[in-house]
Amino acid sequence: PQDVSFAPAPVRGPTPFARLETRVASNTFRIKLVTPTASLLDEPVESAIIPLWDGLMGFLPGRAPILGKLGCGELQLTFGADSKTKAAGGSTSYFVDGGVVRMAEGQLTILAERAAPVRELVASDAEAQLTRAKGEAVSLTDPNREAKTERREREIRAAREKLRLARGAKSV
C-alpha cells in the first residue's frame, strides 16, 4: 500500500490572517472628514461613533470594510494620548448631515454634505434655521411638492440636531 500524507502546502508571503493581525495590533485608525468646501479632519483616532441613515454605528481599529450612507447627527471621536490635536487623550464631536462613509484598509473616510465642529455651533443660529425651515410653505398644487417637503423636513431635522448639540442637551 502506498503511504499518502496530507501536509499543508507551504505558504508564501503574509497570510490574510497575518495582515489582519497587523491591522488589529494598531490601537488607532485614520479618519478623514471632508465636505464639498473643506477638509475638516485628517487624524488618527481610537474610536468613532457615526450617525448613519438608519442608526448609530461604532468603529474601532481593525474594522471590516464597509460603505454606508451618512445620516444627520453627532459624529463622536475619541483620540489617543499621542494625538497631535488639542483633543489628545480626549474626545470631540462634529455635526454631520448627509453623505457617505467608507471604512477600508485602516482608514475611515467621511464625505459629508455638511459638517461643523460642535464647539462652533451657535444655538441662536440653529433656532433661526429651525424657524426658517418651519416657515417654508409648500403649495399643494406644486408639481415638486414631494421633493420640497422632503427638503423642508430634512432642514428641520438638521436644525433641531444643531440646536441640541449647541445646547449640549439630550433632546429638543
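Computed from a predicted model, the values in this text were never measured in an experiment.

1. Quick look at the overall build of the protein chain
Part 1 of the reasoning: The helix and strand tally for the protein chain stands at three helices and seven strands.
Part 2 of the reasoning: For the protein chain, the N- to C-terminal ordering of α and β elements is α-β-β-β-β-β-β-β-α-α.
Part 3 of the reasoning: Relative to its 172 residues, the protein chain shows a buried fraction of 34%.
Part 4 of the reasoning: Across the protein chain, every contact between residues at least 6 apart in sequence was considered, and the portion connecting residues at least 24 apart equals 54%.

2. Things to note about the sheet that holds strand E6 (residues 91-104)
Part 1 of the reasoning: Reading across from one edge, E2-E1-E7-E6-E5-E3-E4 is the order of the seven strands in this open sheet, with mixed pairing throughout. Of all strands in the sheet, those with a lone pairing partner are strand E2 (39-45) and strand E4 (55-59), marking the two edges. Taken over all neighbouring pairs, the strand axes of this sheet differ in orientation by 30° on average, direction set aside.
Part 2 of the reasoning: In this structure, E6 lies alongside strand E7 (residues 107-117), joined through ten bridges in antiparallel fashion. Following the sheet pairing, Tyr 94 is matched in E7 by Pro 117.
Part 3 of the reasoning: Contacts between helix H3 (residues 145-167) and the sheet are confined to strand E5 (66-78), E6 and E7, with E5 contributing the most and set at about 25° to the helix.

Conventions and cut-offs
Residues numbered from 1 in each chain as written. Predicted model: local features only at pLDDT ≥ 70, side-chain atom pairs only at ≥ 80, totals over all residues. Heavy atoms only, no water. Helix = DSSP H or I, 4+ residues; strand = E, 2+ residues; numbered from the N terminus. Buried < 20%, exposed > 50% of the residue type's maximum accessible area, 1.4 Å probe, protein only. Contact = heavy atoms within 4.5 Å. Pairing = 2+ DSSP bridges. Axes fitted to C-alpha atoms, helices over the stretch in contact; angles between N-to-C directions.

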